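Listed below, chain by chain, are the residues.
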Amino acid sequence: MPTGVIQSTVLGIIQGLAEFLPISSSAHLILFPRYWHWTDPGLAFDVALHLGTLAAVVLYFWKDLLNLVTPVQRSTLINLIVATIPGAIAGFLLEHRAETVFRSSALIACALILLGLALWAADWFCAGEKTIADLGIGAAFGIGLAQSLALIPGVSRSGITITVALALGFRRSEAARFSFLMSVPIIAGAGILKFKEILLSPDKLALAAGFTSAAVAGLLAIWVLMRYVQHHRYTPFVLYRWALGAFVLLNLAKFQ
């Protein structure tokens with residue numbers, strides 16, 4: 001069993017990478033500790049990790065976020081608000097199920113495989129040349145509805161929103177950009193609501209390690225993905241999802 005700081009750092013790196021790559025951070029944070037029989041670090045640690053990824057996306061897109069308050073970008077801001085509403089409502093109504101029923105290893109594996117198939121199809125057959133400026137309120141709401149499915153670990157918040165954006169004809173890079181901008185209000189809202197858990201936690205060093213590693217890994221993941229999808233498809237992430245899902249299904253006993 002690794003020490004608290006080491007475990008926190010490892011899980012922070014996993015969270016940072018998987019939150020922004022379309023491979024599902026929640027799936028990895030459930031499956032990895034189960035496979036290695038690590039103890040659950042608790043809600044405070046989960047909040048710290050998400051705040052770390054929030055720091056990463058804000059640092060990378062700070063110019064985009066500041067521009068949202070300008071008249072030119074007002075429509076984008078409205079679309080982001082509209083896209084956030086379905087996920088916020090779903091999170092409030094289904095929080096208990098998300099923390100219990102939806103955490104089945106078999107369900108996670110199936111979600112990894114099926115969403116991988118959807119991402120592959122959207123990437124190969126639907127990706128076009130639309131940009132965020134072409135996004136309407138209806139499409140924004142549709143992407144927001146799809147984001148609600150990310151309550152099921154294995155779906156991936158970035159994976160499902162990128163998939164739907166691609167299906168609507170957006171460029172690969174623009175689909176990723178809107179997905180990342182969408183993550184700001186969702187992650188911030190969840191972090192604010194549960195921030196008291198951090199204040200009450202006695203192990204501030206482990207929380208700091210998780211926050212820092214998640215922020216650094218998240219920043220790296222965003223930087224790599226935004227450059228990669230300029231000229232490449234999402235195929236490597238699809239293959240990874242299929243491989244991980246198949247591995248879990250073939251070794252379910254190890255993930256109990």
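Note that this is a predicted model, so its numbers are computed, not measured. (Residues numbered from 1 in each chain as written. Predicted model: local features only at pLDDT ≥ 70, side-chain atom pairs only at ≥ 80, totals over all residues. Heavy atoms only, no water.)

**A closer look at the overall build of the protein chain**
Point 1. Within the protein chain, the secondary structure is distributed over twelve helices and zero strands.
Point 2. For the protein chain, the N- to C-terminal ordering of α and β elements is α-α-α-α-α-α-α-α-α-α-α-α.
Point 3. Taken against the 2.2 N^0.38 rule, which gives 18 Å for 256 residues, the C-alpha radius of gyration of the protein chain at 17 Å falls within 12% of a compact globule.
Point 4. The principal-axis extents of the C-alpha atoms in the protein chain amount to approximately 50 × 40 × 35 Å.
Point 5. When the 256 residues of the protein chain are sorted by exposure, 46% land in the buried category.
Point 6. Separation of charge centres in the protein chain, based on 17 positive and 12 negative side chains, amounts to 3 Å. (Helix = DSSP H or I, 4+ residues; strand = E, 2+ residues; numbered from the N terminus. Rg over C-alpha atoms; globule rule 2.2 N^0.38 Å. Buried < 20%, exposed > 50% of the residue type's maximum accessible area, 1.4 Å probe, protein only. Lys, Arg positive; Asp, Glu negative; His and termini not counted. Charge placed at Lys NZ, Arg CZ, Asp CG, Glu CD.)

**Side note on the packing of aromatic side chains**
Point 1. All told, the structure shown has twelve aromatic pairs when counted by the stated rule.
Point 2. Look at Tyr35 and Trp36: their rings are 5.3 Å apart centre to centre, the planes differ by 80°, and that puts the pair in the edge-to-face class.
Point 3. On the basis of relative accessibility, which here comes to 25%, the residue Tyr35 falls in the partly exposed class.
Point 4. Relative to Phe247, the ring of Tyr35 lies with its centre 6.0 Å away and its plane at 50°, an arrangement referred to as tilted. (Phe/Tyr/Trp six-rings, centres within 6.5 Å; stacked < 30°, edge-to-face > 60°.)

**Some points on the confidence of the model for the protein chain**
In regions of low pLDDT, the predicted coordinates are not meant to be interpreted in detail.
Point 1. Of the residues in the protein chain, 99% reach a pLDDT of 70 or more, and the chain-wide mean stands at 91.
Point 2. No element of the protein chain has a lower mean pLDDT than helix H10 (residues 195-200), which averages 80, and none a higher one than helix H12 (residues 235-250), which averages 98. (pLDDT = per-residue confidence, 0-100.)

**Observations regarding unusual backbone geometry**
Excluding glycine, residues mostly carry a negative phi; peptide bonds, for their part, are mostly trans.
Point 1. With a phi angle near 80°, Ser24 is a residue other than glycine that sits in the positive phi range.
Point 2. For Ser24, the location among the structural elements is in the loop between helix H1 (4-20) and helix H2 (25-36).

**Notes on a nonpolar patch on the surface**
Point 1. There is a patch of nonpolar side chains on the surface, built from Leu77, Ile81, Ile85, Ile89, Phe92, Leu93 and Leu94 and spanning about 680 Å² of accessible area.
Point 2. As for its position among the elements, Leu93 is in helix H5 (residues 74-98).
Point 3. Overall, the relative accessible area of 61% leaves Leu93 in the exposed class. (Patch = residues over 30% accessible without salt bridge, like charges linked within 9 Å, V, L, I, M, F, W, Y side chains within 5 Å. Areas by Shrake-Rupley, 256 points an atom, 1.4 Å probe, with all protein chains shown as cover. Salt bridge = Lys/Arg side-chain N within 4 Å of Asp/Glu carboxyl O.)

**Side note on the pattern of salt bridges**
Point 1. Counted by the stated rule, this structure contains five salt bridges.
Point 2. We note a salt bridge from Asp64 to Arg177, for which the minimum N-O separation is 3.0 Å. One end of the pair, Asp64, is in helix H4 (residues 62-67); the other, Arg177, is in helix H9 (residues 172-193), with 113 residues separating them in the sequence.
Point 3. A relative accessible area of 23% means that Arg177 is categorised as partly exposed.
Point 4. Residue Arg171 is joined to Glu129 by a salt bridge in which the shortest nitrogen-to-oxygen separation is 3.0 Å. With a gap of 42 residues between them, Arg171 in the loop between helix H8 (157-167) and H9 and Glu129 in the loop between helix H6 (105-125) and helix H7 (137-148) connect regions that are remote in the sequence.
Point 5. Residue class for Glu129 comes out exposed when judged on its relative accessible area of 60%.
Point 6. Sharing partners across several salt bridges, the network here consists of Asp64, Glu174 and Arg177.

**Side note on the side chain of Arg157**
Point 1. Mapped onto the fold, Arg157 is located in helix H8.
Point 2. Take Arg157: its relative accessible area is 10%, and that puts it in the buried class.

**Regarding the environment of Thr163**
Point 1. Looking at the secondary structure, you find Thr163 in helix H8.
Point 2. On the basis of relative accessibility, which here comes to 7%, the residue Thr163 falls in the buried class.
Point 3. C-alpha separation for the pair Thr163 and Ser104, spaced 59 residues apart in sequence, amounts to 23 Å.
Point 4. In this view, Thr163 contacts Leu115, Ala118, Leu119 and Ala122; residues no more than four positions away in its chain are not counted. (Contact = heavy atoms within 4.5 Å.)

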